Every structure is written in C-alpha cells, then in structure tokens.
Amino acid sequence: METTAGELVTARAEVAALDDYGVATALSGLVDGSGYWVRDGSLAAIERTGRYLAGTWEPPRPDGGPGKAGEGSWARFIGRIGAVALRAAAPSTREERRERLLALLEFWAESPFADPAARLRTGVVRPAEGAPEAVRDERGAAVAVGWAGPGSRRFVELRTGEAEPPSLGTVEEAREVPRGWGTAEQLRRLVGLVRERGPVPWDPEAVGVLCEDTGLGRAAASLALAGLLQRSYMPFLDAHEREVLRLKVAEAEDGASELARLTSLERLELLADVLPEDPAELWEPGGMRAVAERLAEGWRARRGRRAVVPQRTLDAVVELGLLRLSAAEFCAAFTNPGAEPGLSAPVDTWIKNTDHGPMVTDANARWDIARFEDRLLSAVPHLFWVYAELPAGDPVRDGAPGLVRVFQERLNHPGMLLDAGRLSPTVGRSVAEVHERFGFRPYAGPERLDVASIDDGLTVVTDGTVSRRGDRSQPRLCFRPAFYGDDERSRALLAARGDSRYDPEIGIVEWLRGPVCARIVERIERAPLPAGAYESDPAASAPEVVALVAGGLGIDEDAAALYLQLLALPAPTDRKVRAWNGWKAARHQKAAGVLVERGLVVEDKRPRAGRQVFLPGEWIHAKKPYQPMEAWKAGLLGVARSYNGRLENPLPLPTRTLPELFAHAWALVENGSGPSM
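Residues numbered from 1 in each chain as written. Predicted model: local features only at pLDDT ≥ 70, side-chain atom pairs only at ≥ 80, totals over all residues. Heavy atoms only, no water.

**Section: the sheet that holds strand β1 (residues 119–127)**
Put simply, the test is: Pairing between two strands requires that DSSP report at least two bridges joining them. Where helices and strands are cited, they refer to DSSP runs of H or I of at least four residues and of E of at least two residues respectively, numbered from the N terminus. Every axis corresponds to a line fitted to the C-alpha atoms, with the helix fit spanning only the stretch in contact, and the corresponding angles, defined between N-to-C directions, vary from 0 to 180 degrees. In what follows, a contact means two residues having at least one pair of non-hydrogen atoms within 4.5 Å.
Spatially, the 5 strands line up as an open sheet ordered β2-β3-β4-β1-β5, and their pairing is antiparallel. Unpaired on one side and paired on the other, β2 (134–137) and β5 (169–176) mark the two borders of the sheet. Recorded for the sheet is a direction-independent mean angle of 25 degrees between the axes of neighbouring strands. As paired strands, strand β3 (residues 140–149) and strand β4 (residues 152–159) are joined by 8 bridges and run antiparallel to one another. Looking at β4, one finds that Trp-147 is bridged to Arg-153. With respect to the sheet, helix α3 (residues 42–54) is in contact with β2, β3 and β4, its orientation differing from that of β3 by roughly 145 degrees.

Now the structure itself:
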C-alpha cells in the first residue's frame, strides 16, 4: 500500500482508474442520496472499508477512516450483492458502467462482505465528540460509512472475537446482515464469465414469464430483468440499450414510471437472490427464464399479482401519454381497483401546514389521497377512451363499471377533501373578503393552520402564502365531494372558482354522478357487442344509424359506417378505423373512395392526422398531446379553441354515448347543419 499526505490510496490501481462520477449512475436505483455520490473515491472507499475490517489496510491518520462512498447506503449490498451482479451481467448495461460494477464485484469477493461466516452487523451509532471514523482491535472492527441524522452515523461492524467488538459510540440500532447470493466463489465466477463470454444474452421469453407471473407491463419487466433500472440512471436509455431491451422511448419511460415507487432497499431485496447458484446457468437456454420466475415469486410476495392485460391494451395506453400513472397502473385501476393504492379504502383527509402553505393530506400520512387523485384524474378523463377504443371482452374495458362504483363510493365518504383550485381574483383576494359568501367558521383540523381559513361544511378556503418577494398567492379552495350537489353552498363554490381547466375535480365529480356516465356504464355491462367488437364501429354499436345514413345518402353500409366515424370520432386514423371495423386496407379504401366520389369528404395530407380523408371545411391544428380535427367536429364534441385559434385543450368529458353521438351527428347532417366547404 502506498500513501501520500492527506490522501487515501487504494491498493488496486485499476479500481482507482474507474473511480469517478460514473459510479453513482451505475448504481442508480440501488443506492440512496445520489447527490452524495457526485465525487471521486466511491469505489475506493468501499474497497478500503472491506480491507480495514479485514485488517489489511491502515488509514493514513490514526483518527481517520477509509473514506465515504455516497451517504453509506451501499452497506445494504451486504447479503444483497446479487442485485449489482444481475445489472453487471445484463446486456443492456453500458460498458463504462459495467466495468465499474464488475470492479465492485471483484473486490467485494475479496472482502468480509462475501464471506458467509463473517460476523457482520450494520446499524446506527451516536459517536462521542471527536470520535474516530474507524476503530479496530483484536475483538473486531467498526467503520462509520455515512450520516444517519443529526449526531448519528451509519456503521458496519465485523466481530472477530467472542467479546463485544470496539464501538464508535453509543449504538442506537444494530442488525445482523442478511445472508443471500454472493459468495466469493460465485462473484469471481460471474465476473470471469462476463469478461470471457460477454453479457448474458437477452431473452424476450423471460420478459414474458415475468409479465405473466406478476401482471407487470412488458417495459417494466424488461427494466427489472436488466437490474431494476430507474430514470435517474441518467442518461436513461440510449438507442442501443432500448434496442437490446426492445423498447421504444415512450415504453421505456412508462416502464420506469411503473417501477418508480420501489425504494432502493426494495429493489435490492427483490433482486438479491434471483441469480442461480452457478452463474454459468445464466448463459444456458432458459437461464434468464429461471431468473424471471424467482423474481416473480419475490414480487408477488411483496406486491401481489395484478391481472394480466393484453399487450395491445398496454401499448395503446402508453400512447395516451399519461402523466400521473404508468400504463400498468392505469389498467390495474380498472381490473382490480380494490387492490390499488388510494382505492382500497375510504380516505380521511385533513388540511395541514406545509412549506408550500396549507395542503390536503390523508390522516395516516401515507399519501393515499394523492394516489386516489392520481387515479381519479387519469382514469375518468380517459374512461370514454376505454369504452370506445377497447374491444368488448377486454379486461380493462370490462372493469370500468367497477372502477366507477369505487370512485362513487369514495367520493361519498364525508371525510374526504379534494382540491378545488384557487379563488377567482374577481371574487376576492383573501379570506376576509369572502366571509359573506362562505361564513365565519374557521377550519378545524388536527393542527392550527398558519393562515386564516373558512369552512362552511362543503368548501374550505385558506389564505394564500407570502413569497420571499412579499407577494401573496390567491386563496386556495378545497371541497368535500360527499356534500357537493344542487344547493346554495355548491353554487357559491362554483361561482368563486378561478380557471377550472387546471383543477378539474369538481367537473369530474359531477360527471361521475351524472346520467351520461351511468349510460356508458350500462353500455359496457349490457350492450350486445360480441367479444372483440368495438363501440367505435357504428356497424356494431349503432347499426340502425348506419342503415339510416346508407339509405339517406344512397351509399353502401361500409361507406356509411366510415362517414359516421369521420363525423363523430375525434381521431379516426386509418390504423384505428381498420382495427375497430376489422377491415383490410382495400375495404377501407373502397369505402373512402365512395365518400370522396360523392363529395362528402376530401382527400388531403395533414400533420398528425393519420388519415387521408377529411370532412370539408376548416381544419384546426394542434400540437401534442392535443388532437387536431375539423372545426365542425370540434364544435360537435365541445372542444374549445385556445387564444391562438388552435386546439390546446383536452377533450371534454362526454355528453353522449357513442350510439347517441352517431345519431346526433347524422341528425345534424340530415337537417342541413352538417360540415360544408
């Protein structure tokens, strides 16, 4: 070992050469405190810690230690190093990251951490003032590896004698380390095989096994088998990595979203023991499938099993570009809502002080209300899409009525509060200015609010907070949906709101309790659609309307069905129409040709339209995620233009079922109010 003044030098030059900022990224998702890892010396510090515990390394200063690697969460690798090994062997791991992981595994194999007989503990200690970073004598050794809170440190301890080993201070918490995959022999063999044969071949069938056995989406299962990658594995996935995993950009992002709620410790525990006793089995046929089976078993034990939905459904949900939920979480809300976070029980909520002002939180502080709102604000605006664009018999579509009833039950719970947006500036700028509207009774919760408030039983108004510049934000409104209805208090709430586009909860509550939602639920449960048929195919859902159009225009029923779809559906792309109608391209083109010949539609090419024929008249452009469409159709569906004349608003909640919409669109055409040049 060589030392220089004030420096810590590892005995392994090859580790020092790799030891840079890339370590944090290579271990992303398996360690905490990513900001603490943005420095040199991480790999070397872990190696020196093992060598110090084993008695083969001395610090340059008597009161010094091996140095710090991040905030110390790497100590959880003891007994769980299999998670690092899986990522090191995965074919999607970038080579510069793989080299760091392999280096870690190599010196881990030489440390006490890989010795099943080593008597190791980890925990939290409160050191005395001026205590050293590491201590060692004939009884064993202990090393401080990171902060655990004010005045406390995380430690790793190795006992070599029968007596208590030396301590860094007062031990507040201690636990034996787990014993899992990762003996010195297993680690050396896996590293040698990766260097000799290259990474383990990717097996799409293993992904299928994990999906089938857990209900995970294909993208999430792929990321799990690649070592439970997460978004902070930055830059996330490049083109080569996505090619290996067979994922598109949107699919990879969605899979990361599905796994985002896993903590680093949960990731380690899930992957700790999925590798085979002999690592060479990974390169054998079916080797990764066995890994998938073991991973699935651990997943089910911790997270249960979601209903498996068709891949085409998951792919279609990914295309929606949901912001709050992954595709699999969205589907699970429909297939088994009672098992999903925020939907499994009524949510009691309170308004509490936060650094950002008063906010609604659930009484048990488990974020159930946030998870409920995630599902409410994602599922309900897309409920019509589920009803219209998924086929009869699809488990997500079939589950929609059950989810609606769960939402309705939760919204009727008197202990729930939801956000209702900001008070309109035209109504008032403080609680003091709206007493006549909402009364004088303050909100009474588990803690006194830092700002003034009013609570009339339905609506709670809380004053805005003051910024560092001295600006006060508008008062915030919350409401209890259980008491919302057709009464004076509800009308007062509606009249007091600001722009409702950014806080749609009230409109969603109204719609869920309204007649259109009830009729859509009835259509899903009772409409005589054969399995595989779509409500968006008027020949299946509204054959009598198709017959009227065909007779009224003197065209065949295929052309009549296509005309209704062009009239009423927001995005009748060629791909979707053929899927809904079960048509081949030739049949579709023939029907379109009839409409063009009769002057009912025009042929054209337009950005983001995905089709070749359009209703006559003005076309309104839109950028993602909004849908461009004909001006006449936008009026039919109630889509408002933005200030710039474009469509920059989401589709409104529907006012008709699809058969009703088809019939209404045809009635407008029939009475002379249809689209025209």
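**Describing the sheet that holds strand β8 (residues 418–422)**
The strand order β8-β11-β10-β9 describes an open sheet built from 4 strands, whose pairing is antiparallel. Of all strands in the sheet, those with a lone pairing partner are β8 and β9 (453–455), marking the two edges. Averaged over neighbouring strand pairs, the angle between their axes works out to 20 degrees when direction is ignored. Sheet topology places β9 next to strand β10 (residues 459–462); 3 bridges connect them, and they run antiparallel. Looking at the pairing, Ile-454 lines up with Val-461 of β10. Strand contacts of helix α20 (residues 488–496): β8, β10 and β11 (476–479), with the helix running at about 150 degrees to β11, the strand carrying the most contacts. On top of the sheet, helix α21 (residues 505–512) reaches β8 and β11; it is set at about 130 degrees to β8, its chief contact.

**Quick notes on unusual backbone geometry**
Rules: For every residue, the accessible area (1.4 Å probe, protein chains only) is compared with the maximum for its type, and the residue is labelled buried under 20%, exposed over 50%, or partly exposed between those bounds.
With an omega of 5 degrees, the peptide bond running from Lys-624 to Pro-625 counts as cis. In this fold, Pro-625 is placed in the loop between β14 (619–620) and β15 (629–630). Even without glycine at this site, Arg-246 takes up a positive phi of about 60 degrees. Relative to the assigned elements, Arg-246 resides in the loop between α9 (239–245) and α10 (249–259). By relative accessible area, which is 53% here, Arg-246 ends up exposed. Of note, the phi angle at Arg-608 is positive, near 60 degrees, even though the residue is not glycine. Position of Arg-608 relative to the elements: it lies in the loop between β12 (602–603) and β13 (613–614).

**Focus: the environment of Ala-345**
In this fold, Ala-345 is placed in the loop between α14 (327–335) and β6 (349–352). The class for Ala-345 is partly exposed, based on a relative accessible area of 36%. For Ala-345 and Trp-367, which are 22 residues apart along the polypeptide, the C-alpha to C-alpha distance reads 13 Å.

**Description of α21**
With 6 of its 8 residues buried, α21 lies for the most part within the structure. All buried positions along α21 are accounted for by Glu-505, Ile-506, Ile-508, Val-509, Trp-511 and Leu-512.

**A word on empty space enclosed by the protein**
Where empty space is left in the structure can be found by rolling a water-sized probe over the atoms. Stated formally: A cavity, in this analysis, means grid points on a 1 Å lattice covering only the protein atoms where a 1.4 Å probe fits yet has no way out; a pocket is instead an open set bounded by protein on both sides within 12 Å along at least five of seven lines, and a residue lines either one if it has an atom within 4 Å of a point. Grid points are joined across faces, edges and corners, and a volume is the space filled by probe spheres set on the points. Residues are grouped as follows: Ala, Val, Leu, Ile, Met, Phe, Trp, Tyr, Cys and Pro are nonpolar; Asp, Glu, Lys and Arg are charged; all remaining types, including Gly, are polar.
Using the criterion set out here, one finds 2 cavities of 30 Å³ or more in the structure. By volume, the largest cavity amounts to about 100 Å³. Every residue lining the largest cavity is counted, 13 residues in all, and those nearest its centre are Arg-218, Ala-219, Asp-254, Gln-311 and Val-318. Looking at the lining of the largest cavity, the elements with two or more residues in it are α8 (218–225), α10, α13 (311–320) and α14. With 4 residues, the top contributor of residues to the lining of the largest cavity is α13. Among the residues forming the lining of the largest cavity, the class breakdown is 6 nonpolar, 2 polar and 5 charged. Space inside the second largest cavity adds up to approximately 50 Å³. Along the walls of the second largest cavity sit Leu-86, Ala-89, Ala-90, Pro-91, Val-200, Pro-201, Trp-202, Leu-225, Leu-282 and Met-288, which together make up its complete lining. Residue classes in the lining of the second largest cavity are distributed as 10 nonpolar, no polar and no charged.

**Structural notes on the packing of aromatic side chains**
Where we set the bar: Two aromatic rings from Phe, Tyr or Trp, using only the six-membered ring of Trp, form a pair when their centres are within 6.5 Å; if the ring planes differ by under 30 degrees the pair is stacked, by over 60 it is edge-to-face, and anything between is tilted.
For the structure on display, the rule yields 9 aromatic pairs. Each ring, one from Phe-77 and one from Trp-108, has its centre 6.2 Å from the other, and the planes form 55 degrees; the classification is tilted. Of this pair, Phe-77 sits in the loop between α3 and α4 (82–89) while Trp-108 is found in helix α5 (residues 95–109), placing the two residues 31 residues apart along the sequence. On the basis of relative accessibility, which here comes to 1%, the residue Trp-108 falls in the buried class.

**Here's the deal with α20**
As a reminder, the rule being used: The directions considered for the arc are those from the helix axis to the C-beta atoms.
Every buried residue of α20 is accounted for by Ser-490, Ala-492, Leu-493 and Ala-496. The buried residues of α20 occupy an angular sector of 160 degrees when projected down its axis, which confines them to one face. Packed against the buried residues of α20 are β8, α19 (435–438), β10, β11 and α21.

**Considerations on the layout of surface pockets**
Each pocket or cavity is described by its volume, and for the second largest pocket that value is around 380 Å³. Considering the residues around the second largest pocket, the lining is formed by 19 residues, among which Trp-299, Arg-303, Arg-306, Glu-340 and Pro-341 are closest to the centre. Within the residue set of the lining of the second largest pocket, elements represented by two or more residues are α10, α12 (287–303) and α15 (368–379). For the lining of the second largest pocket, a count of residues per class yields 6 nonpolar, 4 polar and 9 charged.

**Quick notes on the side chain of Glu-258**
Note the cut-off: Polar contact criterion, stated in full: a pair of N or O atoms within 3.5 Å, where within protein one must be able to donate a hydrogen and the other to accept it, and residues adjacent in sequence count only if both atoms are side-chain atoms.
In this fold, Glu-258 is placed in helix α10. Assessed through its relative accessible area of 7%, Glu-258 is described here as buried. A distance of 3.2 Å separates a polar atom in the side chain of Glu-258 from the backbone nitrogen of Gly-217. Each residue touching Glu-258, except ones within four places of it in the same chain, is listed here: Leu-216, Gly-217, Ala-220, Arg-306, Ser-326, Ala-328 and Glu-329.

From the geometry alone we can't say anything about function, so treat these as descriptive.
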